[in-house]
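Observations on the model geometry
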Amino acid sequence: MTSPETSATRVWPPPDPAGATRPDTSVTATLTDLAPPLSQPPPERSAGGGKRPGTRRRRRQADPRGHWFLVAVGVVLMAGALLLNGYATNAAGETRATPPPTDRPSAELDQVRRGGPVLNLTGDKPDSARLLPHTVALTFDDGPDPRWTPRLLDVLAKHGAKATFFTVGARIAENPELTRRIIAEGHEIGNHTYVHADLTAVPQWRLRLELSLTQKALAGAAGVHTRLVRPPYSSSPAAVTGPQLRTLRTMGGQGYLVALTDLDTKDWARPGAEQIVRAALPRRGRGAVIMMHDSGGDRGQTVVAVDRLLTRLAGQRYRTTTLTSALGMPSAHTPAGGMDRFVGTGLSLAQRGAAAFTTAMTWVLAAAGVLTLLRLLFFLILAWVHARRARGGKRRAGRAPAWPAPPAVTVIVPAYNEEAGIEATIRSLVNTDYPGVLEVIVVDDGSSDGTAAIAASLDLPGVRVIRQENGGKPAALNTGIAHASHDILVMVDGDTVFESATIGHLVRPLADPAVGAVSGNTKVGNRRGMIGRWQHIEYVIGFNLDRRAFDLLGCMPTVPGAIGAFRRSALQEIGGVSIDTLAEDTDLTMAMCRGGWRVVYEENALAWTEAPTSLGQLWRQRYRWCYGTLQAMWKHRRAIAEPGPFGRRCLGYLTLFQVVLPLLAPVVDIMAVYSVMVGDPLPVVAVWAGFVLVQAFSGWYALRLDRERALVLWVLPLQQFVYRQLMYLVVIQSVATAVLGVRLRWQTIRREGTFAT
């Protein structure tokens, strides 16, 4: 049997035969101390995404798809709730009273105008009726209102009077108990449409819908229907127009008795209680239908006026009763069928649920906006403090010590199918001005292309190429750690290039023995296209600006795989690079923070990486990142209860701003669209523009800190309409994958060779 080194791992150039300056290069012996227990399943994914060659494939679990159906259903339900609430509040499908047109002469219209306030239009000719002398029918429109209707009911009960309430269906659905009280106290209810629509301005189907929905709501609330109707924006018979007459005809055709008014108090204008009383008093003992309102605004004057009016009417021996009673007719109420009661109850529940949902989402939208704004401002302040301290040579614990001599450094490059850019990566590492001893180890993780051959053919001094069977990026990193000759380790991806001063800047903070890892400053190299520019902004604002704040707060969540420096003893203390998650860099950083090591950010350690160039590639990359981060958060969840700032600050921040708020982001977008559609769009546009301006300012400052040009900020508004949505859809997909227990495969990214010469 061959040894593990010859069967699985090959080293080029071969290890130093003398072995004077290197530890034991036996992979098996060294990785035993670093790898997880043998009971764990072997990793199947490579550093770049390939499957393990030459081994039997485990049956792959497909990425979950069913949750998108649930998301679509949720969006439809959310949109339906918003539309229902908008319709019920007369915001969606809103109608307003139209100016009275110039009517053509009509015998029928003249007859209606000369007739009484109660119309029977079921026959060929209009028929009308007036109230008997010393009889009044108080009518109240637009309710029931939870504030004013009970006060009016109390006044009516005080005087022993009865009234007719022309109720709006949406208000009935909101206040079913109040509707039942109106009927229980002997009053009458009429139909005033569902959302107080101007029926002359809507098509016939909408007119029928308005009346039908009101009947359903009344059936659900009180178990009755009504035969009375009063169209909104109506008044006395003398004011009826030609279009209104056609509407009244339609209502009569459905069996309704149309109630207009004799005396329109215009109390909605709040002219004063005494003026309302004068407008409501009949002249010379005549009978009258009196119109008032119990909703639609402050009705305090109406309540006072009704009390005074009933006192005066009683003094003049008037009878105050319901409209049908005043006409000597049977009650307008008829029993509702069981199906109508069921539908009405459902309508009431749906409308109240929609109202509650809309209110809750409004608060969510406001809270999300405030939290996002506060986070941005807080992180800007922390970034400013970090920059002052770092550029002044100071850190939180005082001036960082300097190395007495440049320490020897090993750079580890895990690579899988990186032939497009591996040469540029290696040459950038070798062409460094770092004065200390430098070793570069390229670990080819079973590539199926020419990655290893290209790396070996360079024949550069201090560069070794290790070939191993495909085992995944963590296994490749652990192989590199096992073969490393030095105690300061730098890890870099195979698609990333360093500047000549990067290594020196990166290892300088490790002179502080409390520092276990250093995060470098990753920059997007291929930033010419729109997607590249969006990622460039994200890297500068969303990653590097945040890392400055995390450094001060002592809760760095991630040292990026593209550029990071580590103390070997710290890695050995936590057991090396774990294979438990797909975000091995986040997992490793969290383990270090939990182990008591400081993890800091070095802004001058620049690395240029190749970012995805298409939305599909970007999706695959961010899907893996997000899913792996969720894995790492779950793995280290007990850190919340541990002493130190990491658990509560880092995990709390990630949970709120990287999981919860992105999951709520679709709600924010839907609410914004809803607000634009049903209301004045200017406030929504103003708020959006304000947030973009704040983001632009933070972006300008972040770019200034990174010594980058601010011209790229012109793409920031466009980022809100594609890139942002893609990012929160990634979070939804990742959370669904994690909750369903699907093991995500490594997502491969096609390399373009951005830095190849």
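What comes next is a walk through the structure.

Parameters at a glance
- Residues numbered from 1 in each chain as written.
- Predicted model: local features only at pLDDT ≥ 70, side-chain atom pairs only at ≥ 80, totals over all residues.
- Heavy atoms only, no water.
- Patch = residues over 30% accessible without salt bridge, like charges linked within 9 Å, V, L, I, M, F, W, Y side chains within 5 Å.
- Areas by Shrake-Rupley, 256 points an atom, 1.4 Å probe, with all protein chains shown as cover.
- Salt bridge = Lys/Arg side-chain N within 4 Å of Asp/Glu carboxyl O.
- Helix = DSSP H or I, 4+ residues; strand = E, 2+ residues; numbered from the N terminus.
- Buried < 20%, exposed > 50% of the residue type's maximum accessible area, 1.4 Å probe, protein only.
- Polar contact = N/O pair within 3.5 Å; in protein donor to acceptor, adjacent residues only side chain to side chain.
- Contact = heavy atoms within 4.5 Å.
- Core = buried A, V, L, I, M, F, W, Y, C linked by side-chain atoms within 4.5 Å.
- Axes fitted to C-alpha atoms, helices over the stretch in contact; angles between N-to-C directions.
- Parallel < 35°, antiparallel > 145°, perpendicular 65-115°, else oblique.
- Nonpolar A, V, L, I, M, F, W, Y, C, P; charged D, E, K, R; others polar.

1. A word on a nonpolar patch on the surface
A cluster of nonpolar side chains, namely F69, L70, V73 and L77, defines an oily patch on the protein surface of about 430 Å² accessible area. Tracing the backbone shows L70 in helix α3 (residues 66–88). Residue classification places L70 among the exposed residues on the basis of a relative accessible area of 59%.

2. Here we look at the side chain of T609
Take T609: it is sitting in strand β23 (residues 598–609). Among the residues examined, T609 registers a relative accessible area of 6% and is labelled buried. Engagement of the side chain of T609 in a polar contact is seen with the side chain of T496, the distance being 3.3 Å.

3. What to know about the environment of L571
Mapped onto the secondary structure, L571 falls in helix α19 (residues 568–573). Separated by 55 residues in the primary sequence, L571 and G516 place their C-alpha atoms 8.2 Å from one another. Aside from chain neighbours lying at most four places away, what touches L571 is I481, L489, M491, F566, G576, L588 and M592.

4. Examining the nonpolar core
Core analysis: the largest hydrophobic core is formed by 60 residues, its most contacted members being L138, F140, L156, Y194, V306 and L309. Counting residues in hydrophobic clusters, the runner-up holds 49 residues, among them F550, L571, V668 and V730.

5. Digging into the packing of helix α5 (residues 148–159) against helix α11 (residues 300–315)
Axis angle and axis distance: for two packed helices, these are the angle between their axes and the distance between the axes, and together they describe the pair. Interhelical geometry of α5 versus α11 gives an angle of 10 degrees and a closest axis separation of 10 Å. By the criterion of interaxial angle, the relationship of α5 to α11 is roughly parallel. Contacts between α5 and α11 involve W148, R151, L152, V155, L156, K158 and H159 from the former and G300, T302, V303, V306, D307, L310 and T311 from the latter. Partitioned by chemical class, the residues of the contact of α5 with α11 number seven nonpolar, four polar and three charged.

6. Details of the environment of T502
Tracing the backbone shows T502 in helix α17 (residues 502–507). The exposure class assigned to T502 is buried, which follows from its relative accessible area of 1%. In the structure, T502 is positioned 74 residues away from S428 in sequence and 9.8 Å away in space, judged by C-alpha atoms.

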